[in-house]
Amino acid sequence: MERILTLSNGEQIACTLLGQGTPLVCIHAPCIGSINFTSQQPLSDSYQLVLPDLPGHGRSSSLAKPFTIHDLAVCLHELMGLLGHERPILLGYSQGASIALEYALCFPDKVQGLILVSAFSEVSDLYLHSRFYIAEAMASIHGVPLLARSITTSHVENPDMQETWIRHVSLTDADTLKHLYVAGHSYHCTDRLPEIHLPTLLVYGEEDRHMYRYRQLLHQGLPQAKSVIIPGVAHQVVTKASTELNRLCREFSNVKKGG
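Per chain, the residues get numbers from 1 upward, laid out in the order the sequence is written. Reporting in this predicted model follows two pLDDT cut-offs: at least 70 for local features of residues, and 80 or more for side-chain atom pairs to be given and counted; totals over whole chains, interfaces and linings ignore these cut-offs and use all residues. No hydrogens and no water enter the side-chain calculation; it runs on all heavy atoms of the structure.

Caption draft 1: Expanded view of helix H4 (residues 144–155). Elements are defined by DSSP. Helices are runs of H or I of four residues or more, strands are runs of E of two residues or more, and each kind is numbered from the N terminus. Under the convention used throughout, the expected extent of a helix is 1.5 Å for every residue step, that is, one less than its residue count. Spanning 12 residues, H4 covers 16 Å between terminal C-alpha atoms, matching the ideal 16 Å at 1.5 Å per step. Elements in contact with the buried residues of H4: strand S5 (89–93), helix H3 (126–140), helix H5 (159–169), helix H6 (174–186) and helix H8 (237–240). In this description, contact between two residues means that some pair of their heavy atoms is separated by no more than 4.5 Å.

Below you can see the structure in the form of structure tokens.
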């Protein structure tokens, strides 16, 4: 069920809710939207899935002015208040993991745990810098249609599902997307990772070798981090290794219940 909720600043956030139980808030990567987690919908048997569209995605309000990762974390925290969720588990994918980290830093008593997939706490190597520069340039020239097709085909192989993804991804507002990429590119919380005393699951694809250094930074910096590498997959773990990721998420839920 999709709901559209209005924040205190008047912005509207579209959010899909599925299932019952402990809330699992899934924070998508830029230029995808909540459809990013279609393959995680089976987890509604273990969690209440909360799938927000970040500003400028799906039917959420666009943001014309620059904003920060901190602003997005505050936005999601207010959304949780409107939904009545006091201590969710946060699942962040790619740049969405940066938002999850900032949320945990800002509201440490309001989070049960973190599941960070293909995550990074800073951008500090040539490969990731170049990926951001290209994405920022594409957003600046209103290249959302091209980005939509490129991102979709890298995540999804089924032609019917690709068309569904492209329709949703194409709703992304170019100006908001540009600000989102800029915010993610400049975000840095590595030095603050030891402040996060939460059960944390780090999940990476074995073939995503450019992210190994970031996995090491997070594993070393987060006091309660457990790291899992899934073989045979690159960055797109949420779709290309969804069965294994979902198993790990259920296992994480059981560990939390046991604790």
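Additional details are given in the paragraphs that follow.
Caption draft 2: Molecular detail of the side chain of Gln-162. Along the polypeptide, Gln-162 turns up in helix H5. Relative accessibility under 20% of the residue-type maximum defines a buried residue, over 50% an exposed one, and the middle range a partly exposed one, all with a 1.4 Å probe and only protein chains included. A relative accessible area of 17% places Gln-162 in the buried class. Residues contacting Gln-162, with those up to four places away along its chain left out, are Thr-152, Thr-153, Val-156 and Glu-157.

Caption draft 3: Molecular detail of the packing of H3 against H6. Note on definitions: angles span 0 to 180 degrees between N-to-C directions of axes, and those axes are lines fitted to C-alpha atoms, for helices only across the stretch in contact. Following both chains from N to C, one finds H3 and H6 inclined at 160°, their axes separated by 8 Å at the closest point. As far as their axial angle goes, H6 and H3 are roughly antiparallel. Where H3 crosses over H6, the two elements pack in a sense that is left-handed. Each of His-129, Phe-132, Tyr-133, Ala-135, Glu-136, Ala-139 and Ser-140 in H3 lies in contact with H6, whose residues at this interface are Ala-174, Leu-177, Lys-178, Tyr-181, Val-182, Gly-184 and His-185. Each residue is assigned to one of three groups, with Ala, Val, Leu, Ile, Met, Phe, Trp, Tyr, Cys and Pro labelled nonpolar, Asp, Glu, Lys and Arg labelled charged, and all others, Gly among them, labelled polar. Its residues assigned to classes, the contact of H3 with H6 comprises 8 nonpolar, 4 polar and 2 charged. An angle counts as roughly parallel when it lies under 35 degrees, as roughly antiparallel when it exceeds 145, as roughly perpendicular when it falls between 65 and 115, and as oblique in every other case. Crossing chirality is assigned from the near helix's rotation relative to the far helix, an anticlockwise turn below a right angle marking it left-handed and a clockwise turn marking it right-handed.

Caption draft 4: Just the state of the cysteines, in detail. For the purposes of this analysis, a disulfide is any pair of cysteine sulfur atoms at a distance within 2.5 Å. As enumerated under the stated definition, the model contains 0 disulfides in all. Of all cysteine sulfurs in the structure, the one in Cys-249 sits closest to Cys-26, which takes part in no disulfide; the separation is 7.4 Å. When its relative accessible area of 1% is taken as the criterion, Cys-26 is described as buried.

Caption draft 5: Geometry of the pattern of salt bridges. Should a side-chain nitrogen of Lys or Arg be within 4 Å of a carboxyl oxygen of Asp or Glu, the pair is scored as a salt bridge. Taken as a whole, this structure holds 7 salt bridges when the rule is applied. The shortest N-O distance in the salt bridge between Arg-250 and Asp-45 comes to 3.2 Å. Within this pair, whereas Arg-250 is found in helix H9 (residues 242–258), its partner Asp-45 is found in the loop between strand S3 (23–27) and strand S4 (48–52), the two being separated by 205 residues in sequence. The partly exposed category is assigned to Arg-250, whose relative accessible area is 26%.

Caption draft 6: Broad picture of the packing of H4 against H5. Packing of H4 against H5 brings their axes to within 9 Å, and their N-to-C directions diverge by 145°. Pair H4 / H5 crosses with right-handed handedness. In this structure, H4 contributes Val-144, Ala-148, Arg-149, Thr-152, Thr-153 and His-155 to the contact, and H5 contributes Gln-162, Glu-163, Trp-165, Ile-166 and Val-169. Broken down by class, the residue content of the contact of H4 with H5 amounts to 5 nonpolar, 4 polar and 2 charged.

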